[in-house]
Amino acid sequence: MCEDSTMVSSPVDVLNSNSKSDGKKYITSEELKKHNKPNDLWISIQGKVYNVTEWAKIHPGGEIPLMNLAGQDVTDAFIAFHPGSAWEHLSKLFTGYHLKDYQVSAVSKDYRKLASEFAKAGMFEKKGHGVIYSLCFVSLLLSGCVYGVLFSSSFWVHMLAGALLGLAWIQIAYLGHDAGHYQMMSTRGWNKFAGIFIGNCITGISIAWWKWTHNAHHIACNSLDYDPDLQHLPMLAVSSRLFNSLTSVFYGRQLTFDRLARFFVSYQHYSYYPIMCVARVNLYLQTLLLLLSKRKVPDKGLNILGTLVFWTWFPLLVSCLPNWPERVAFVLVSFCVTGIQHVQFTLNHFSANVYVGPPTGNDWFEKQTNGTINIACSSYMDWFFGGLQFQLEHHLFPRLPRCHLRSIAPIVRELCKKHNLPYTSVSFFDANIMTLKTLRTAALQARDLTNPAPQNLLWEAFNTHG
């Protein structure tokens, strides 16, 4: 809920404001841009200007999405991430000002119309039975894993058990993704419980960490300095623009490209798949760094407790194996299977268009079409991709349950065609080729650079973000 406080600024705070004959007070887009700081944060939604300075501190989606779009009209992003009930809370944040030069592009008009039609059809509330099916499937996989470890002495059965655990983690990640984007359970309380239980307790990856990074990713899709999902130095770089040692606005530090980074990036088209096989280690590290930091984390205590649950049952399960070689092999097999999902995630964005700078509110639809790649597959493979093969549809309508993504894909494709925007959908094999070509191009460019000044980046080598 919004705080019940008056946030209307005086005319002194807004220079050159003026009134029209309709009695409304107006400011221009240029004047709105000045209110883009943490202690002075304004946004516009459908031409009405809101002061979200205090609200940002308790915003369920965190401060970063609001800061990244501060001083702009954010109507399309607001529609994408908020249910209809959120509109009623805006009145408490209204400054009294309207945007004088508020305009809506043709593509935004069509996007908003489409979102309204989906809402009227009840698509955001109709979740299908996918959650029940997924939970049953995960239960079978975990049961098979535990049975194989505890009741068999065969090495190959133990490796199969590791593979089942990895497959279960993949499916759980999709469920966690669903819980993070929309209410997949009957109540918000149960939805929060599901997120922490399946995220922290079963996978060891904090749902709080995921929301923190994932919300920023959606808002700033494929921005090299704002999207944490593209900030993988010193191990990977999807663009030579990262060679300029950009500053990560998300992490608040420089993504230094030095000799160590140049070495890794120069061979990244070879190391890509091996890195994906052990990428899970990085997610564990990111979870620990966030939960042990001084950063304000929603439900921090529950996230820590859930993570401790994971680091209790997982080592105990591994310790039940007869010897250390089998234990190490079991963990590696589970990580390698889960690595398939890391590959899936990177295929959706690594070879798409990138840009430098903050996201802008007036080209929401265009940024999503340029920064995403769909994976074309038959419907019987939907379980394998968790709905994220429809990456563009998901980015445009992140609250839409995955059971609807296939049905709206033709509509989105036609809308892209109407406005001459890209709609990239390729096979899983072709997406891998495109990603490898992107990495190889950047690798060859890195090799051509003169050696930068050496710096100590060993910490960043263990702190690869994304």
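Provided above is the structure to which this section pertains.
What you are looking at is a predicted structure, and each value in this text was computed from that prediction instead of being measured.

Chemist: Hey, could you go over the overall build of the protein chain for me, with residue numbers and the actual values?
Modeler: Helices and strands together make up the secondary structure of the protein chain, namely 19 helices and 10 strands. Its C-alpha atoms give the protein chain a radius of gyration of 23 Å, within 12% of the compact-globule value 23 Å for 466 residues. C-alpha atoms of the protein chain, sized along the principal axes, occupy 85 × 55 × 45 Å. Within the protein chain, the proportion of its 466 residues that are buried is 53%. In the protein chain, of all internal contacts separated by at least 6 residues, the share reaching a separation of at least 24 is 74%. Total accessible area on the protein chain stands at roughly 21400 Å², and carbon and sulfur atoms take up 62% of it. Side chains of the protein chain carry 39 positive and 31 negative charges; the gap between the two charge centres is 2 Å.

Chemist: Explain the nonpolar core to me, using residue names and the numbers behind them.
Modeler: For soluble globular proteins, the rule of thumb is that nonpolar side chains tend to be buried together. Trp169, Met184, Trp209, Trp212, Phe314 and Phe330 are the most contacted members of the largest nonpolar core, which has 42 residues in total. Listing elements by their share of this core, those giving two or more residues are helix H5 (130-150), helix H6 (155-181), helix H7 (188-203), helix H8 (207-219), helix H11 (279-291), helix H12 (300-319) and helix H13 (324-347). The element contributing the most residues to this core is H6, with seven residues. Setting aside its immediate chain neighbours within four residues, Trp212 contacts Ile64, Phe250, Tyr251, Leu290 and Arg295. Counting residues in each nonpolar core, the second largest holds 41 residues, with Phe124, Phe397, Leu405 and Tyr423 among its members.

Chemist: An account of the pairing of strand E6 (residues 94-99) is needed here, citing residue identities and associated values.
Modeler: Counted residue by residue, E6 has five buried out of six residues, so it is predominantly covered. Summarising the sheet, strand E2 (residues 25-27) and E6 pair through three bridges and their orientation is parallel. Bridge assignment links Tyr26 to a residue of E6, and that residue is His98. In the sheet, strand E5 (residues 48-51) pairs with E6 via two bridges, with the strands oriented antiparallel. Of the residues in E6, the one forming a bridge with Tyr50 is Phe94.

Conventions and cut-offs
The numbering scheme is per chain: residues are counted from 1 as the chain's sequence reads. The predicted nature of this model means local features are confined to residues of pLDDT at least 70 and side-chain atom pairs, given and counted, to a pLDDT of 80 or more, with totals for whole chains, interfaces and linings taken over all residues. Side-chain metrics rest on all non-hydrogen atoms present in the structure, leaving aside hydrogens and water. Helix numbering and strand numbering both begin at the N terminus, where a helix is a DSSP run of H or I of at least 4 residues and a strand a DSSP run of E of at least 2. C-alpha atoms define the radius of gyration in this analysis, and the globule rule sets the expected value at 2.2 Å times the number of residues to the power 0.38. We call a residue buried when its accessible area falls under 20% of the maximum for its residue type, exposed when it is over 50%, and partly exposed in between, using a 1.4 Å probe and counting protein chains only. In this description, contact between two residues means that some pair of their heavy atoms is separated by no more than 4.5 Å. For accessible areas, the Shrake-Rupley method is used with a probe of radius 1.4 Å. Any residue's cover is judged against the shown protein chains and nothing else. Neither His nor the chain ends contribute to the count of charged residues, in which Lys and Arg are positive and Asp and Glu negative. Where a charge sits is defined by one atom per residue type, namely NZ (Lys), CZ (Arg), CG (Asp) or CD (Glu). What makes a nonpolar core is a set of buried Ala, Val, Leu, Ile, Met, Phe, Trp, Tyr and Cys residues whose side-chain atoms join them at distances within 4.5 Å. For two strands to count as paired, DSSP must find a minimum of two bridges between them.

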